[in-house]
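Given next are the chains, with one letter for each unit.
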Amino acid sequence: MPYFHKLKNYTHESNQFKKRMLKAAILLTLLLVLLIARLFNLQIFNYKLYSALATNNQLEYVPIEPNRGLIYDRNGILLAENLPAFSLNIAVDRIKNLEATINNLKTIIDITPKDIQQFKRSLQQKHRQLQLPLKIKLTQEEIASFYVNQYRFPGISLDTKMIRHYPLAEDIVTALGYVGRISKQDWQGIDSENYKNSDFIGKVGLEKYYETKLRGKIGYKVVEIDANGRPVRTIKIIPPTPGANIYLTIDSKLQKIALEALDKEQGAVVAIDPNNGEILALVSKPTYDPNLFTSGIDSDTFNKLQFSSNKPMYNRATRSIFPFGSTIKPFIALQALDTGTITPNFKISDPGWFKLENSKQPPYRDWQHGGHGIVDVAKAITESCNVFFYTISTKLGIAKIDDILERFGFGSKTNIDIAEESSGIIPSPKWKMKNTGKHWYPGDTIISSIGQGDMKTTPLQLANGIAAIANHGKRYQPHLLLATQTIDKARAMQEPFALPPITLKNPNTWNIVINAMHDVVMNPSGSAYTRFGPNPAYSVAGKTGTAQLYHHKIVNENPTPESEEGTPKHLRNHSLFIAFAPIENPQIALAIVVENNKMAPKVARKILDYYLVDAVQQKN
Amino acid sequence: MVNYNLLSNSNQKTWDKILAKVWQRSHLDFMLLCGILLLGLFGVGILYSASGKSMVLVWHQAANFGVAFIVLFIFAQIPASRYRPLVPWIFGMVLLMLFAVVSVGAVNRGVQRWLNFGLVRFQPSELMKLAMPMMLAWYLCNKTFPLRIKDLFFSCIIIVVPALVIAKQPDLGTAILVMATGGFVLLLAGITWQLIFGVSFLLMTAAPIVWHFMHDYQKMRLFSFWSPENDPFGSGYNIIQSKIAIGSGGWFGKGWLHGSQTYLQFLPVRSTDFIFAVYSEEFGFIGCLLLFAVFAYIIGRSLYIGTHAQDTFSRLLVGSLVLSFFTSFFVNIGMVAGILPVVGVPLPLISYGGSSLITFMASFGIIMSVQTHRKLIGS
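Below you will find a few notes about this structure. What you see is a predicted model, and the numbers here were worked out from it, not measured in a lab.

Moving on to the packing of aromatic side chains. Scanning the model with the defined rule gives 35 aromatic pairs over all chains in all. Look at A:Y364 and A:Y390: their rings are 5.7 Å apart centre to centre, the planes differ by 55°, and that puts the pair in the tilted class. One end of the pair, A:Y364, is in strand β16 (residues 364–365); the other, A:Y390, is in helix α14 (residues 386–396), and 26 residues separate them in sequence. On the basis of relative accessible area, A:Y364 is assigned to the buried category, the value being 17%. By relative accessible area, A:Y390 is classed as buried at 4%. Ring plane angle 80° and centroid distance 5.4 Å describe the contact between B:F292 and B:F329, whose orientation is recorded as edge-to-face. Taken together, the positions of B:F292 in helix α13 (residues 275–307) and B:F329 in helix α14 (residues 312–336) put the pair 37 residues apart, joining distant regions of the chain. With respect to class, B:F292 is no different from B:F329; both count as buried. Taken together, B:F276, B:F292, B:F295, B:F325, B:F326, B:F329, B:F330, B:F360 and B:F364 form an aromatic cluster joined through their ring pairs. A:R215 extends its terminal NZ or CZ atom over the ring of A:Y195, reaching a point 4.3 Å from the ring centre.

Once that is clear, we can look at the interface of chain B and chain A. On the side of chain A, 36 residues touch chain B, which itself brings 51 residues to the contact. Buried area between chain B and chain A, both sides added, is near 3900 Å², and the carbon and sulfur share of it is 73%. For the pair chain B and chain A, the interface holds zero salt bridges. Our count for the chain B to chain A interface comes out at four residue pairs in polar contact (both at pLDDT 80 or more).

Moving on, we get to the sheet that holds strand β1 (residues 59–64) of chain A. Residue and element names in this part refer to chain A. Ordered in space as β1-β8-β9, the three strands form an open sheet in which the pairing is antiparallel. Since the sheet does not close on itself, it has two edges, and those belong to β1 and β9 (231–238), each with one partner. With direction set aside, neighbouring strand axes in the sheet form an average angle of 30°. In this sheet, β9 lies alongside strand β8 (residues 219–225) in antiparallel orientation, the contact comprising six bridges. Directly across from K221, in β9, lies its bridge partner I237.

The next thing to look at is the side chain of A:R316. Residues and elements named next belong to chain A. Its location among the elements puts R316 in the loop between α11 (299–306) and β13 (322–323). Taking relative accessible area as the criterion, R316 reaches 5% and is therefore assigned buried. Setting aside residues no more than four positions away along its own chain, R316 makes contact with Q266, G267, A268, S284, K285, P286, N310, K311, F322, P459 and E595.

All names here are of chain A. With respect to the element layout, M313 can be found in the loop between α11 and β13. Given the relative accessible area of 18%, M313 is considered buried. Residues M313 and G177 lie 136 residues apart in sequence; the distance between their C-alpha atoms is 9.5 Å. When neighbours within four sequence positions are excluded, M313 is seen to be in contact with Y178, Y288, F293, F302, L305 and Q306.

Criteria and cut-off values
Residues numbered from 1 in each chain as written. Chains lettered and ligands numbered in written order. Predicted model: local features only at pLDDT ≥ 70, side-chain atom pairs only at ≥ 80, totals over all residues. Heavy atoms only, no water. Phe/Tyr/Trp six-rings, centres within 6.5 Å; stacked < 30°, edge-to-face > 60°. Helix = DSSP H or I, 4+ residues; strand = E, 2+ residues; numbered from the N terminus. Buried < 20%, exposed > 50% of the residue type's maximum accessible area, 1.4 Å probe, protein only. Lys NZ or Arg CZ within 6 Å of the ring centre and 35° of its normal. Contact = heavy atoms within 4.5 Å. Buried area = accessible area lost by both parts, 1.4 Å probe. Salt bridge = Lys/Arg side-chain N within 4 Å of Asp/Glu carboxyl O. Polar contact = N/O pair within 3.5 Å; in protein donor to acceptor, adjacent residues only side chain to side chain. Pairing = 2+ DSSP bridges. Axes fitted to C-alpha atoms, helices over the stretch in contact; angles between N-to-C directions.

In structure tokens, the structure reads:
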């Protein structure tokens, strides 16, 4: 009986157990279905999402910098190149504790507070790159010690970067400008896609103006990366398009000669080929080394340059505005003759002063005490007679004076192909009212006629103006770009761009003025005769000028050493000189400003001698 | 020729007979063995990919399999009735070892799980996965069903004490596994629905207390389970990368050795806990179904053996071992697929590593032994 009971119990239990097993099996099946549903959701329903995420995970677009275009002068001398340098890069997103990492790096590489400051500045920028440079231009020792310790620094890498280099350094910076670190403002105007992972951009001068040409187009390396960000293999390469090489109109040798001719003085020289507007030399002195900027200038050095009292970074050739001084006289003479206000034979008797009729004002004086005697227009130019021009200015009126100056391009930008340019000032009654709130007085016209008062020009405008005289009125847009060479090796010459010419009723008027200018240099009574020096090997026409500082009562074209002695150097007048040569076949037109020194014609002589004699001899 | 043929034919028959005899003596279950070997092959194949084509790892795992198979073989030889009286002693010893681990265990990755016997280091918590079901089966097999409250209480102690000790190591994964397995056994042994709900309610109220005693990193895991996107590079990283791996597999996967998440090392612990993500990335949804089918086949066969076992002890033992196997499977896949928190539970028979492999092979040995040591009654 007990046995039976047990047996019955056994089968009952077994059945019970089978039922429970079945329930358990159903439960397991349900759970299994749950897993399958989950997998279906991930793998089928959300496949696109996760597939994209996986691709995102594994691919990285590493930008490849295009090679910046090289810059040559008109004779093919290299002015700007790219040199490889090692830079220490930080992949910021992959580093948790930047501070600690930088401190660790300090133990093997000399990282200055300035480097860190620069790094932090770029860190704060909106368009941040994947890799930020901490230090550029590592030394050989630093490179070696980094490679030894590299395992300690995941996310830090060494990169070869191409760093801009200017072999002629400060000689050429006035035209070239330089590249520097991309700043916050720079980002606003550029296609940030094209500057991924790059640090430098043209800041000033041609480097800035032709940035798009020189930059080229960024390329990409599509690499597969692993979870640690290490590239595993390259999937494909979209090669960058290198920037175009450009040739400048600048003759770098002439440029150097001009710089040397200025000696220790400050000033500016602009030399233009009158036949096409090509700028042969663009000099501003003092100058500075553009190579300071190419690997990121530190703020101390920058401030020193920026706030130096002699302003080396200020482009005097295109930005400084000076009073014309007497260099204005040929332009006014042209207008007086052309409008018939005077004839070539018109003469005045110069007593050494000029007084307006019915005026209680003191008389306007000539620089030469006792005057120039009987003066016609040619003598007035040659000897730079102020009284003659005072006289004709009252006949011409300011409107006609402004008219001729504006036709020569004064008072507005020349649109040279660098951005740093001033427009100068050609004052008119309207201009005066607007800017000073005062009426135009007859006296304003009188001092305007000798290029003083508010009449202001840049050296570039002056050179452009004298080039037009040399050309008998034919005018060209002054420019620095000679040719562009793109990757396909086609060298495209820049066509000269003609501006509206100045036509005179009587073309002979040109010769009257040009001959007078010839006498300025060649006639012993000419205002530049002594300082230009005798016997040039070419025919030359010029005109002196003095930019008055602190309103000296008398503008002295030929100051004696005695008259200069009492004046401190920085208060002495600037000397101006415009010239072109040869007269019959003009090759070069010059405008020279020497600050606080009268030597401008001397500078011109050195430049012309080189360009028209020495350089030609060297070529032959 | 004819003679020879006859001879060979009869020879063949004798050989067949001998083989059948040997097979019968080996006490292995053919159907179960096929499933296990199939999973083993899967595992080694995936491991080759997951390890970045490391033959060293593959050979090592094959050796693990060899050892584990010997263990299986040994367990298959022992009829359950033989060790049934010893079960409380075994359980007691394993529990003692667990305590020993907590107090003096070797430190491995900051957690104490291993007992170091010089050459051999092993995890007593793994042994507990065997000892606890045995103990429960032993305790419950002569109780009346459905269970009385007293029996239930003692069963709960048998489950909870080792689970707590394991959790203390800390090894939350194994603790949960042990608990879940115990729960399953109780379910099989027969408890009323009221009780199930009551216990669930108790568990829910206990959750905040458990939370209080949890380690920070365990809390982080739970956090990141709920919202992995909050901390994509920290604690949520594993889950996100694992989901990406699985999801990007699509219908048919990226192909063996072609899982980008795997060979670019985005997947964490891909040879062990997250090996399923490797598999599903490379073989896709269809591949997963195939793998599940093999698992289902093994579980089904074991359940069949359980239902046809001759005594309650064997039935309960087999049932709980199978459920333990299933729980590991479910928790691992659930965690890799992001529906369960990340607790360190390997995928049975697939994940790299010897400890858990040996445990599961031992339990299959026990299951086979139940099937092959049947007394022929009633015939």
